[in-house]
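# Coordinate inspection notes
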Amino acid sequence: MLGRGFVLSTIDRRTRSLSVMTFIALMQTKKMTYKDWNRKMNLRSLHLAAERWYDFNVMQRDYHNWEHANNVVSALPHWAPDSVVLAAYWHDAVYVPGAQNDANENASAAALALSAREYTDTKTRGIIDEAVELIKCTTIKWHLNSTNIRVEELVELEGRAMLLDADISPLAAPYEKFLWNQRHILTENGLEWTKENVRKSSDFLLRFTTCREHIYHTEYARGKWERDAYANIMRYKTFARDF
């Protein structure tokens, strides 16, 4: 037995024997201690636990769903801290269309805190607490902040910048997927795909191009998505005008 906290991935469904072999290999090649391994398994368990929260009102979630959460995780740079990855899984765990005053973000943060209350290891608790605070920053207000987060000047905000960038990485999706996303965001909010609603949707997205110097905060995200996101938003503006 590898002890409390050891869980098998429900994604790759490896056998217990293979997981033990992986454990031994990591111990040898990466000089991981048992505590390190157990901490990683605890965090992995928390990643997967988020899915249950996304299932609560799954029929209302045309966009802010478990697929979106996994897309945000995938968009993070490979060096993203554990707290940022954890926050990405949980950032829309509670989502009620039309909720005001940052209610969804605060509720999602509370859902993680509640689900992780049993973890007492100091380092794990630090990761969880940081993730909780990061989730609270995924609000519209932060997404449309009037200045870019200067990571090179405020290193402590790098995790926030990474998460915000990954959350809006779909703006740079291939245009047909971009359109699909906008349509499903409207239907998620009980709105039809009409000229008026498309125009309002376009006006909202245009704010990302005018509220600050860059759409994305980090050099990584700007190099990867800035040009495509800007092109999609401008093309959508024309589409809304000619709808």
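Residues numbered from 1 in each chain as written. Predicted model: local features only at pLDDT ≥ 70, side-chain atom pairs only at ≥ 80, totals over all residues. Heavy atoms only, no water.

## A closer look at the nonpolar core
Rules: Think of a nonpolar core as a cluster: buried Ala, Val, Leu, Ile, Met, Phe, Trp, Tyr and Cys residues, connected wherever their side-chain atoms sit within 4.5 Å. Summary of the burial criterion: residues with accessible area below 20% of their type's maximum are buried, those above 50% are exposed, and those between are partly exposed, where the area comes from a 1.4 Å probe applied to protein chains only. Helix numbering and strand numbering both begin at the N terminus, where a helix is a DSSP run of H or I of at least 4 residues and a strand a DSSP run of E of at least 2. For this analysis, residues touch if any pair of their heavy atoms sits within 4.5 Å.
Grouped together as the largest cluster of nonpolar side chains are 57 residues, with contacts concentrated most on Leu 86, Trp 90, Leu 112, Leu 171 and Tyr 216. Element by element, the count of residues in this core is highest for helix 4 (residues 82-90), at 7 residues. Excluding residues that lie within four positions of it along the chain, Leu 112 makes contacts with Leu 46, Leu 86, Trp 90, Ile 128, Ala 131, Val 132 and Ile 135. Val 151, Leu 157, Ala 161 and Leu 164 belong to the second largest nonpolar core, which has 5 residues in total.

## Looking at the side chain of His 143
Using the following cut-off: For the purposes of these results, a polar contact is taken to be a pair of N or O atoms within 3.5 Å, where, inside protein, one atom must be able to donate a hydrogen and its partner to accept one; residues adjacent in sequence count only when each atom of the pair is a side-chain atom.
With respect to the element layout, His 143 can be found in helix 7 (residues 140-143). Within the structure, the side chain of His 143 is placed 2.9 Å from the side chain of Asp 167, a separation counted as a polar contact. Residues within four places of His 143 in sequence aside, it is in contact with Thr 138, Leu 164, Asp 167, Ile 168, Phe 208 and Arg 212.

## Examining the packing of helix 3 (residues 66-75) against helix 4
Our working rule: Only the stretch in contact is used when fitting a helix axis, every axis being a line fitted to C-alpha atoms; angles between N-to-C directions are given from 0 to 180 degrees. Each angle is binned into one of four classes, with values under 35 degrees roughly parallel, values over 145 roughly antiparallel, values of 65 to 115 roughly perpendicular, and all other values oblique. Crossing handedness is defined as follows: a turn of the near helix away from the far one that is anticlockwise and smaller than a right angle gives a left-handed crossing, while the clockwise case is right-handed. Under this grouping Gly is polar, as are all residues other than the nonpolar Ala, Val, Leu, Ile, Met, Phe, Trp, Tyr, Cys and Pro and the charged Asp, Glu, Lys and Arg.
Two elements in contact, helix 3 and helix 4, have axes separated by 7 Å at closest approach and are oriented at 160 degrees. Comparing their axes, helix 4 and helix 3 come out roughly antiparallel. Crossing of helix 3 against helix 4: the hand is right-handed. Mapping the contact onto sequence places Trp 66, Ala 69, Asn 70, Val 72 and Val 73 in helix 3 and Val 85, Ala 88 and Tyr 89 in helix 4. Of the residues contributing to the contact of helix 3 with helix 4, the split by class is 7 nonpolar, 1 polar and no charged.

## Overview of the packing of helix 4 against helix 8 (residues 158-167)
Running from amino to carboxyl end, helix 4 crosses helix 8 at an angle of 35 degrees, the nearest separation of the two axes being 10 Å. Taken as a pair, helix 4 and helix 8 cross one another with a handedness that is right-handed. Here Val 84, Ala 87 and Ala 88 of helix 4 lie close against helix 8, whose contacting residues are Gly 159, Met 162 and Leu 163. Tallied by class, the residues present in the contact of helix 4 with helix 8 amount to 5 nonpolar, 1 polar and no charged.

## Things to note about helix 9 (residues 175-188)
For an α-helix, 3.6 residues make a turn, and residues three or four places apart therefore share a direction. Keep this limit in mind: Multiply 1.5 Å by the residue count of a helix minus one, and that product is the helix's expected span.
End to end, helix 9 covers 20 Å across 14 residues, agreeing with the expected 20 Å (1.5 Å per residue, within 8%). Along helix 9, the positions that sit buried rather than exposed are Tyr 175, Phe 178, Leu 179, Asn 181, Gln 182, Leu 186 and Glu 188. The inward-facing, buried residues of helix 9 abut helix 10 (195-210) and helix 11 (219-242). Of the residues one or two after helix 9, Gly 190 is the one with positive phi, at around 75 degrees.

## Description of helix 3
Trp 66, His 68, Ala 69, Val 72, Val 73 and Ala 75 are the residues of helix 3 that are buried. The residue sitting at the N-terminus of helix 3 and contributing the capping side-chain oxygen is Asn 65; that oxygen lies 3.3 Å from the backbone nitrogen of Glu 67.

## Section: the side chain of His 64
Within the secondary structure layout, His 64 lies in the loop between helix 2 (34-54) and helix 3. Of note is the side chain of His 64, whose polar atom sits 2.7 Å from the side chain of Glu 188. Here His 64 is in contact with Tyr 54, Asp 92, Tyr 95 and Glu 188, once residues within four sequence places are set aside.

## Some details on the confidence of the model for the protein
Do not read the fine detail of predicted coordinates wherever pLDDT is low. Quick note on the threshold: Values of pLDDT, which run from 0 to 100, indicate the predictor's confidence residue by residue.
Looking at the protein as a whole, the pLDDT averages 88, with 85% of positions reaching at least 70. Here residues 1-18 is modelled with pLDDT under 50, and outside its nearest four sequence neighbours on either side it reaches 28 contacts, counting other chains as well.

## Brief notes about unusual backbone geometry
Of note in this structure, Asn 101 is not a glycine but carries a positive phi near 55 degrees. Position of Asn 101 among the secondary structure elements: in the loop between helix 4 and helix 5 (103-115). Of note, Asp 102 is a non-glycine position whose phi angle comes to about 60 degrees, a positive value. Topologically, Asp 102 is positioned in the loop between helix 4 and helix 5. Since its relative accessible area comes to 36%, Asp 102 is described here as partly exposed.

## Section: the environment of Arg 117
Locating Arg 117 in the fold gives a position in the loop between helix 5 and helix 6 (122-135). With 11 residues separating them in the primary sequence, Arg 117 and Ile 128 have C-alpha atoms 9.3 Å apart. A distance of 2.5 Å separates a polar atom in the side chain of Arg 117 from the backbone oxygen of Leu 114.

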